[in-house]
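# Structural characterization, general
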Amino acid sequence: MRWSGQELGDEQQNALPGLARLNNLVRSVCTPEFAGITFHEVLARSALNKVPGTSTALPFGWTINPYRGCSHACSYCLDPETLILMGDGRQKPLRALHVGDEIYGTERRGNYRRYVKTLVLAKWGTHKRAIRTTLADGTELTSSADHRFLTERGWKFVKGAMAGAGQRPYLTVNNKLMGFGHGGPPRDREAVFTSATYRLGYLTGMIRGDGMLFTKKYPQRAGGGSHITAFRLALADAEALDRTRRYLELEGVATVTRPFAVAAGRRPMHAIHTSRGADFRRITSLIEWPSAPTEEWHAGYLAGIFDAEGSCSQGVLRISNRSPDILAQICSSLNYLGIRHVLEAPRENGVTAIRVRGGLAIRSRFFELTRPWISRKLSIEGRAVKSDAALQIISIVDLDTSMHMIDITTGTGDFIANGTISHNCFARATHKYLDLDAGKDFDNEIIVKVNVAEVLAKELAKPTWQRQPVALGTNTDPYQRAEGRYSLMPGIIDALAASGTPFSILTKGTLLRRDLDKIADAAANVPVDLAMSIAIYDDELQHAVEPGTPSTSARLATVSAIRERGLDCTVFLMPILPYLTDTREHLDDALARAKAAGATSVLYSALHLRPGAREWYLQWLQRAHPELMGRYARMYGNGAYAPKEYREWLAARIRPLIAKHGLRRGREDPLTGGVRSTALARPRFAAPSRPEAPTAAARAASDALGAPTLF
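Residues numbered from 1 in each chain as written. Predicted model: local features only at pLDDT ≥ 70, side-chain atom pairs only at ≥ 80, totals over all residues. Heavy atoms only, no water.

## As for the overall build of the protein chain
For the record, the criterion: Numbered from the N terminus, helices here are DSSP runs of H or I no shorter than four residues, and strands are runs of E no shorter than two. When a residue's accessible area, from a 1.4 Å probe over protein chains only, is under 20% of the maximum for its type it is buried; when over 50% it is exposed; and in between it is partly exposed. Any two residues having at least one pair of non-hydrogen atoms within 4.5 Å are treated as being in contact.
A count of helical and extended segments in the protein chain gives 20 helices and 33 strands. For the protein chain, buried positions account for 54% of its 711 residues. Long-range pairs, those at least 24 residues apart, make up 72% of the contacts in the protein chain with a sequence separation of at least 6.

Have a look at this one:
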């Protein structure tokens, strides 16, 4: 266990952005049981939060949030050395990525998923147990068990189970991953690309392929004469021209850059040149064929000749030239690096092309081993995700150790990791009140109000408190996994019950069962409402949309446990996902299972796409159901709510089913979007005597609204 102590009144220089300003941080805690999560324990100044837009005359205008952030969420993470395909076509270790970097992801276009450029939106680290997945081509992927990869049968977790709470689709031997692979473990080749020998190889390929070395003697009648020498390299791509100029400077050759005349309609070009005899002789010596070329020289030569004479038309990599010596050296270098290729028949103009064989997998390996410099030639934008690479899984091995891992969030919701399509972690817009990161902090940086029960008891004891209904679970789940460590809810329940304050709890967490006896005791003194959020009754879909939360069956079992204590329990069948969970079959099954579990009422609503949730959900939809993106765009546009016509259609479909299963339909509070409860309408409870009773206005409002209670 690691502790970072912090005394009140101090500001921790390394604290998270907003926490340093809070000035009430007690300590930050990391424990093995919550790998990857940091709990920031703070002393709350207040516990009760006023719901914006409500007045004291409206029930449930108050909430309590013992936690900020949610430990329900999963972490999807990879070894920091995993190579990520960047937007310029090169690969970079995951550890070296930054927010804002352009990388490749994928999206569905027509009949194919295609490679597209996207941005890194968030990045963070964690510690997770390591699993190594090895593919038939030698590609290795080290990740957590919760990471997901795209297979030919859809997204699958690295580890899962066939049944029970851990049921989810998972990788097995012989599953084939999608992408082009890497052909082996990631290798750090920076030493190759920064060597002087690589530099010589690059200059040889570039200058022999596209440069001009000119020498001529001009005699004079009177005797003597002049000896003219010149070097010139003209290119349309400034990247390769600049690289060649820098490499020559490192070898003591200074050049001048100037525009180069081209025919009308052609791409503008620039040239580097020098006419000094010493420079001419130096360049000539630099590009001599070596007697025993090394791996570094071969890699540099292929990079240079590709920048000079290479192409990637329709995804096919070719290098063309007329010179037999140059062509022979290209083949020799390709053989040395293990790049399959074929020599094509000469064209009418005498040019011969060498074609690299093996599709995107070998093309990617060529780029990795040689590192050419012209970005446009490395682009795979719009290429279909299909490959003959041997990406079948041959082993999945638990490494029996935890290690530092990294994950990112991207605009497409995925990225290319060691040549395979990898799922990223969802980001929610939250924690903004503390300037915390939208990608990682909701899941991994949990704010814990460790003194919330004590502060609440003092607030409830004030003469001005009118015992207005209080909701738990409207912002973050009070029974998330972190509650198992901190046990804040028992104290909160005791304080509310002792003060005579009605309250409600909405949760997805089965940990609620721990406190059922205490809740039942409280319900003998004050109105209490309980609700379980169970939106999806298809197990695979539920794990995809709500990763890390208890299963549907576990939550239904919690409903039954609540009912066994003699308490009512509403089931929140919300949100209903258009075109996914709004079928008559799904709704009928959901209501039947809720009724069988003992649910006393059901509240439903269509999906709301508010900022934060909107980005998260649409990223998931693009990956899992791209065929629905057009429908959702028409339904939601720039708004958060489903159109009135859809809501009316949904009501007409579900109301007969609610009646069929003998369930009472809950009502939604238009101010808060929560449920209107029956708790306040139960007059048999007598609240303890208090100095201040509810006002007449509050009672009138309760009567007029049917005693609404916000969850």
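## So, the confidence of the model for the protein chain
Applicable threshold: For every residue, the predictor reports its confidence as pLDDT, a number between 0 and 100.
Looking at the protein chain as a whole, its pLDDT mean stands at 81, while 81% of the residues score no less than 70. In the model, residues 71-75 has pLDDT below 50 throughout and makes 26 contacts with residues more than four positions away in sequence or in other chains.

## A look at the environment of V455
Examined against the element boundaries, V455 turns out to sit in helix 10 (residues 452-460). For V455, a relative accessible area of 13% gives the class buried. Along the chain, V455 and R45 lie 410 residues apart, while their C-alpha atoms are 7.0 Å from each other. Contacts of V455, omitting those with residues within four sequence positions, involve A44, R45, S46 and A47.

## Remarks on the environment of P346
Relative to the elements of secondary structure, P346 occurs in the loop between strand 20 (341-343) and strand 21 (352-356). Each C-alpha atom, one on P346 and one on R322, is 8.8 Å from the other, the two residues being 24 residues apart in sequence. Excluding residues within four positions of it along the chain, P346 makes contact with V351 and T352.

## Topic: the pattern of salt bridges
Our working definition: Each reported salt bridge corresponds to a side-chain nitrogen of Lys or Arg within 4 Å of a carboxyl oxygen of Asp or Glu.
One pass over the structure, following the stated rule, counts 27 salt bridges. One salt bridge in this structure joins E140 and R132, with 3.9 Å as the shortest N-O distance. Judged by its relative accessible area of 24%, E140 falls in the partly exposed class. Salt-bridge contacts for R365 lead to E368; the nearest nitrogen and oxygen are separated by 3.7 Å. One end of the pair is R365 and the other is E368, both in helix 8 (residues 359-370) and three residues apart, which spans about a single turn. With a relative accessible area of 11%, E368 lands in the buried category. Bridged by salt links that share partners, the residues E107, R109 and E381 form one connected network.

## Focus on the pairing of strand 15 (residues 225-235)
Stated precisely, the cut-off is as follows: Note: two strands are recorded as paired if DSSP finds a minimum of 2 bridges between them.
Taken together, the nine bridges between strand 14 (residues 211-219) and strand 15 define a ladder with antiparallel strand orientation. By the bridge assignment, L213 is partnered in strand 15 with F231. Pairing of strand 15 with strand 17 (residues 269-274), which is carried by five bridges, proceeds in the antiparallel orientation. Residue pairing in the sheet places R232 in a bridge with H273 of strand 17.

## Regarding unusual backbone geometry
Note that the residue after M574, namely P575, is joined by a cis bond; omega there is 5 degrees. In the Ramachandran plot, Y579 falls in the positive-phi region, its phi being about 70 degrees despite a non-glycine side chain. Note on placement: Y579 falls in the loop between strand 29 (570-576) and helix 16 (584-597). For Y579, a relative accessible area of 35% puts it in the partly exposed group.

## Re the environment of L556
Structurally, L556 is set in helix 15 (residues 552-564). Taking the relative accessible area as the measure of exposure, L556 reaches 8% and is therefore buried. The spacing of L556 and A596 is 40 residues in sequence and 8.9 Å in space, taken between C-alpha atoms. Non-local contacts of L556, meaning those with residues more than four positions away in its chain, are made with I534, Y537, R593, A594 and A597.

## What to know about the packing of helix 3 (residues 196-210) against helix 4 (residues 238-250)
In plain terms, the rule: For every element, the axis is a line fit to its C-alpha atoms; helices are fit only across the contacting stretch, and the angle between N-to-C directions ranges from 0 to 180 degrees. Here the angle decides the label: under 35 degrees means roughly parallel, over 145 means roughly antiparallel, 65 to 115 means roughly perpendicular, and every other value means oblique. By definition, turning the near helix anticlockwise from the far helix through less than a right angle yields a left-handed crossing, and turning it clockwise yields a right-handed one.
It is the contact of helix 3 with helix 4, at a shortest axis distance of 10 Å, that shows an interaxial angle of 125 degrees. On the basis of their axis angle, the class for helix 3 and helix 4 is oblique. Here helix 3 and helix 4 pass one another in a crossing that is left-handed. Taking contact as the criterion, the partners of Y198, R199, Y202, L203, M206 and I207 in helix 3 are, on helix 4, A240, R243, T244, Y247, L248 and L250.

## Section: the sheet that holds strand 4 (residues 48-50)
Judged by pairing direction, the sheet is mixed, and its eight strands sit side by side in the order 4-5-26-27-28-29-30-31 without closing on themselves. The open sheet has two edge strands, strand 4 and strand 31 (664-665), and neither has a second partner. Of the strand pairs in this sheet, strand 5 (residues 62-64) and strand 26 (residues 470-472) are connected by three bridges, and their pairing is parallel. Note that in strand 26 the partner of I64 across the bridge is L472. Sheet contacts for helix 19 (residues 644-660): strand 29, strand 30 (601-606) and strand 31; angle to strand 30, the most-contacted strand, approximately 160 degrees.

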